[in-house]
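# Reading the structure
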Amino acid sequence: MRWALLTAGLLAAGCGGSTSAADFGEELFQDSRLSDSQFNSFSCATCHATTATPEAGHLRAGYSLHDVASRPSWWGGYETNLLDAVNFCYVNFMRGVSPLTQEDPKSRALYEYLVRISPDAQADALPLTVVKDIGDVPRGDKTRGAEVYRAACQTCHGETHTGKGRLTQLASLLPDITNEYDSVFPGVPHQLVVIEKVRHGQFFGVSGSMPLYSREALSDEDLGALLAYLGL
Ligand code: HEC
Ligand code: HEC
């Protein structure tokens with residue numbers, strides 16, 4: 001892969017220093033300022049863990065990036081170049097104005113960090129099932145729904161109704177925002193608008209920096225519990 005070769009070249013050239021490239025990459029991974037957009041408040045770490053085992057208390061939209069550089073393909077087989085896989089997130093979720101290039105020292109450092117968190121020589125590609133047809137789901141248990149909200153939504157949206165602790169003012173107040181849906185999406189049941197947003201990250205193909213939740217990231221059962229908790 002060209003990205004890898006270039007980075008190897010960089011290291012061979014002896015670009016060291018007190019902070020290794022991988023350490024710098026780790027900082028960038030956790031910093032929303034990696035993006036050149038002033039409207040972005042997400043870092044890679046907002047949506048991706050880096051642990052080998054599932055984290056307690058979090059249901060993130062993206063997979064853990066442990067072993068990511070050892071996978072043969074990404075985004076459910078759709079991306080076969082790691083930099084492209086990263087740029088999908090960078091441009092669509094972090095509002096990056098132009099994609100990271102192979103030559104950019106920041107993307108080289110990020111790559112070194114991704115290699116460092118990939119200790120195994122080979123890892124399997126991970127499945128990604130994007131729900132295409134939006135339909136209602138059976139309501140579940142509200143107590144489970146509260147847990148799902150805390151684990152999946154609260155980091156960005158803050159507490160329900162008040163938004164207390166939310167990551168960005170851009171993240172709407174849930175579920176209160178749905179009161180506006182009669183005028184914005186006339187005739188569409190409120191819960192379908194929310195399901196559309198969660199499953200596609202966008203509304204009917206238009207706008208948004210919120211990540212999509214695949215079936216692997218969020219089951220219909222947990223989504224149904226979440227809707228019950230939100231009173232939708
Ligand atoms: C707003 C949430 C969000 C942010 C921010 C984000 N990602 Fe993602 N990313 C996702 C989602 C959702 C997917 C699709 C599910 C998956 O494959 O992990 C994804 C997929 C990926 C994949 C493909 C993983 C695979 O095996 O299929 C890579 C690599 C990746 N992201 C790297 C990054 C890096 C590096 C950053 C920071 C520059 C970043 N992402 C920022 C949400 C995000
Ligand atoms: C990584 C941060 C992030 C996470 C996690 C996240 N959201 Fe969002 N969400 C946003 C942002 C930012 C917006 C506003 C921008 C946009 O529409 O994309 C938004 C918008 C929305 C909207 C549309 C509100 C409107 O203005 O009409 C809904 C509904 C929503 N989110 C539901 C959820 C639910 C439910 C979850 C948990 C399953 C969740 N979000 C998780 C960041 C996030």
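### Considerations on the confidence of the model for the chain
Of all residues in the chain, 92% attain a pLDDT of 70 or more, and the chain-wide mean is 93. Low pLDDT (under 50) marks residues 9-18, which in the prediction has 3 contacts with non-local residues, meaning those over four places away or in another chain.

### Structural notes on the coordination of the iron atom of ligand 2
Protein-derived coordination of the iron atom of ligand 2 comes from His-157 (NE2) and Met-210 (SD), at a distance range of 2.0 to 2.1 Å. One way to put it: the 6 donor atoms around the iron atom of ligand 2 meet at angles of 85 to 179°, and that makes the site octahedral. Linking His-157 in helix 6 (residues 142-157) with Met-210 in the loop between helix 8 (190-200) and helix 9 (220-230), this pair joins segments that are 53 residues apart in sequence. Looking at His-157, the relative accessible area reads 12%, which means it is buried.

### A word on the layout of surface pockets
Volume-wise, the largest pocket comes out at about 1,100 Å³. The wall of the largest pocket is formed by 49 residues, among which His-48, Gly-62, Tyr-63, Ser-64 and Leu-65 lie closest to the centre. Of all elements in the fold, only helix 3 (44-47), helix 4 (82-92) and helix 5 (105-116) reach the threshold of two or more residues within the lining of the largest pocket. When residues in the lining of the largest pocket are grouped by element, the largest group, 5 residues, is from helix 4. Looking at which domains feed residues into the lining of the largest pocket, each of domain 1 (2-116) and domain 2 (142-230) gives three or more. Estimated volume of the second largest pocket: approximately 740 Å³. Contributing to the lining of the second largest pocket are 37 residues, with His-157, Ala-171, Ser-172, Lys-197 and Met-210 lying nearest its centre.

### Thoughts on helix 5
For helix 5, which comprises 12 residues, the first-to-last C-alpha distance of 17 Å matches the rise-based estimate of 16 Å (1.5 Å per residue) to within 8%. Those residues of helix 5 lying buried are Ser-107, Arg-108, Ala-109, Leu-110, Tyr-111, Glu-112, Tyr-113 and Leu-114. With a side-chain oxygen positioned 2.8 Å from the backbone nitrogen of Lys-106, the residue opening helix 5 is Asp-104.

### Comments concerning the coordination of the iron atom of ligand 1
Distances from the iron atom of ligand 1 to its protein donors, His-48 (NE2) and Cys-89 (SG), fall within 2.0 to 2.3 Å. Its 6 donor atoms give the iron atom of ligand 1 angles of 86 to 179° at the centre, a pattern that matches the octahedral case. Residue His-48 is found in the loop between helix 3 and helix 4, and its partner Cys-89 is found in helix 4; the two are separated by 41 residues along the sequence. Judged by relative accessible area, His-48 falls into the buried class, the value being 16%. We classify Cys-89 as buried; its relative accessible area is 16%.

### A look at unusual backbone geometry
For residues other than glycine, phi is negative in most cases, and the peptide bonds are mostly trans. Residue Pro-175 is reached from Leu-174 by a cis peptide bond, and omega for that bond is -5°. Here Trp-75, not a glycine, exhibits a phi torsion of approximately 50°, which is positive. When you line up the elements, Trp-75 lands in the loop between helix 3 and helix 4. For His-161, which is not glycine, the phi torsion reads 70° and is therefore positive. Here His-161 lies in the loop between helix 6 and helix 7 (181-184).

### What to know about the site of ligand 1
The environment of ligand 1 is made up of 22 residues, and the closest members are Cys-44, Cys-47, His-48, Arg-71 and Cys-89. In the model, a nitrogen atom of ligand 1 is placed 2.8 Å from a nitrogen or oxygen of the His-48 side chain. Contact distances for ligand 1 include 2.6 Å between an oxygen atom and a side-chain N or O atom of Arg-71. Judged by its atoms lying within 2 Å of the grid points, ligand 1 is housed in the largest pocket.

Calculation criteria
- Residues numbered from 1 in each chain as written.
- Chains lettered and ligands numbered in written order.
- Predicted model: local features only at pLDDT ≥ 70, side-chain atom pairs only at ≥ 80, totals over all residues.
- Heavy atoms only, no water.
- pLDDT = per-residue confidence, 0-100.
- Contact = heavy atoms within 4.5 Å.
- Donors = N, O, S within 2.8 Å, 3.2 Å for Na, K, Ca; no water.
- Tetrahedral: all angles 85-135°; square planar, octahedral: opposite > 155°, others 65-115°.
- Helix = DSSP H or I, 4+ residues; strand = E, 2+ residues; numbered from the N terminus.
- Buried < 20%, exposed > 50% of the residue type's maximum accessible area, 1.4 Å probe, protein only.
- 1 Å grid on protein atoms, 1.4 Å probe; cavity = no way out; pocket = protein on both sides within 12 Å on 5 of 7 lines; lining within 4 Å.
- Points joined across faces, edges and corners; volume = space filled by probe spheres on them.
- Domains from an automatic or database assignment.
- Expected span 1.5 Å × (residues − 1).
- Polar contact = N/O pair within 3.5 Å; in protein donor to acceptor, adjacent residues only side chain to side chain.
- Near = heavy atom within 4 Å.
- Sits in = over half its atoms within 2 Å of the grid points.

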